[in-house]
Amino acid sequence: MVARKPLCSRPLDLVYFVFFLIHIPGTIVLDCQAIYPAWAISAPLLALRQSYIEFSSDPLIIGSFNSNSNEFLWFKSFLFVEASFQLPVFFIGAYKL
């Protein structure tokens, strides 16, 4: 079995590792709020969401939180894919690097 090089000696892998680590909390805390049940979202998470919306005016995030509209149903389906596929890949990718 070949000995693994330390992550610090593999700059591109280090970039990927940091990318994965940075995106894990953002995905869990912000992106997937639109698919969580209302009882699962605490007041600090709601405040974070409102702060992000005020800062960015992101029309996709704003639309995905509007529960009265089916206009952004396609985007919510992408959020389900993000939660069920992309989020585990972030963990696996960070671990395997």
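Preceding this section is the structure that the text describes.
Residues numbered from 1 in each chain as written. Predicted model: local features only at pLDDT ≥ 70, side-chain atom pairs only at ≥ 80, totals over all residues. Heavy atoms only, no water.

Visitor: Can you lay out the overall build of the protein chain for me, pointing to particular residues and giving the numbers?
Guide: Assigned secondary structure in the protein chain consists of four helices and zero strands. Against the compact-globule benchmark of 13 Å for 97 residues, the protein chain has a radius of gyration of 17 Å, which places it well outside the compact range. Oriented by its inertia axes, the alpha-carbon framework of the protein chain measures out at about 55 × 25 × 25 Å. The buried share of the protein chain, reckoned over its 97 residues, is 27%. Long-range contacts, defined as pairs at least 24 residues apart, comprise 56% of the intrachain contacts of the protein chain with a sequence gap of at least 6. Here the protein chain displays about 6900 Å² of accessible surface, and carbon together with sulfur accounts for 71% of that area. (Helix = DSSP H or I, 4+ residues; strand = E, 2+ residues; numbered from the N terminus. Rg over C-alpha atoms; globule rule 2.2 N^0.38 Å. Buried < 20%, exposed > 50% of the residue type's maximum accessible area, 1.4 Å probe, protein only. Contact = heavy atoms within 4.5 Å. Areas by Shrake-Rupley, 256 points an atom, 1.4 Å probe, with all protein chains shown as cover.)

Visitor: Lay out the packing of aromatic side chains with the relevant residues and their values.
Guide: On inspection of all chains with the given rule, the structure shows five aromatic pairs. Between Phe20 and Phe90, the aromatic rings sit 6.0 Å apart at their centres with planes inclined by 45 degrees, giving tilted as the arrangement. With Phe20 in helix α1 (residues 11-29) and Phe90 in helix α4 (residues 73-96), this residue pair connects regions lying 70 residues apart in the sequence. Comparing Phe20 with Phe90 shows no difference in burial state: the two are buried. An aromatic cluster of three or more residues is present, and its members are Phe19, Phe20 and Phe90. Residue placement shows Arg49 over the ring face of Phe65; its charged tip is 4.1 Å from the ring centre. (Phe/Tyr/Trp six-rings, centres within 6.5 Å; stacked < 30°, edge-to-face > 60°. Lys NZ or Arg CZ within 6 Å of the ring centre and 35° of its normal.)

Visitor: Account for the packing of α1 against α4, naming residues and giving values.
Guide: When two helices pack together, their arrangement is given by the angle between the helix axes and the distance between those axes. Their axes nearest at 9 Å, the elements α1 and α4 cross at an angle of 145 degrees. Helix-helix and strand crossings are classified by hand; for α1 and α4 the assignment is left-handed. Packed against α1, whose contacting residues are Phe17, Phe19, Phe20, Leu21, His23, Ile24, Thr27 and Ile28, the element α4 presents Glu82, Leu87, Phe90, Phe91, Gly93 and Ala94 at the interface. Among the residues making up the contact of α1 with α4, the classes are represented as ten nonpolar, three polar and one charged. (Axes fitted to C-alpha atoms, helices over the stretch in contact; angles between N-to-C directions. Left-handed = near helix turned anticlockwise from the far one by under 90°. Nonpolar A, V, L, I, M, F, W, Y, C, P; charged D, E, K, R; others polar.)

Visitor: Mind laying out the nonpolar core, listing which residues take part and the relevant values?
Guide: Within the largest apolar cluster, nine residues are counted, these being Cys32, Ala34, Ile35, Ile53, Ile61, Phe65, Phe72, Phe75 and Leu79. For Phe65, the contacting residues outside a window of four places in its chain are Leu30, Gln33, Ala34, Arg49 and Ile53. Counting residues in hydrophobic clusters, the runner-up holds seven residues, among them Leu7, Phe20, Phe90 and Leu97. (Core = buried A, V, L, I, M, F, W, Y, C linked by side-chain atoms within 4.5 Å.)

Visitor: Please give an account of the environment of Ile22 that cites residues and values.
Guide: Residue position: Ile22 is located in helix α1. Owing to a relative accessible area of 55%, Ile22 belongs among the exposed residues under this scheme.

Visitor: I'd like a rundown of α4, residues and numbers included.
Guide: Residues lying three or four places apart along an α-helix face the same way, a consequence of the helix completing one turn every 3.6 residues. For α4, which comprises 24 residues, the first-to-last C-alpha distance of 34 Å matches the rise-based estimate of 34 Å (1.5 Å per residue) to within 8%. At Glu82, α4 shows its strongest bend, of approximately 40 degrees. Among all positions in α4, only Phe75, Leu79, Glu82, Leu87, Phe90, Gly93 and Ala94 are buried. (Expected span 1.5 Å × (residues − 1). Bend = angle between axes of the 7 residues up to and from the residue.)

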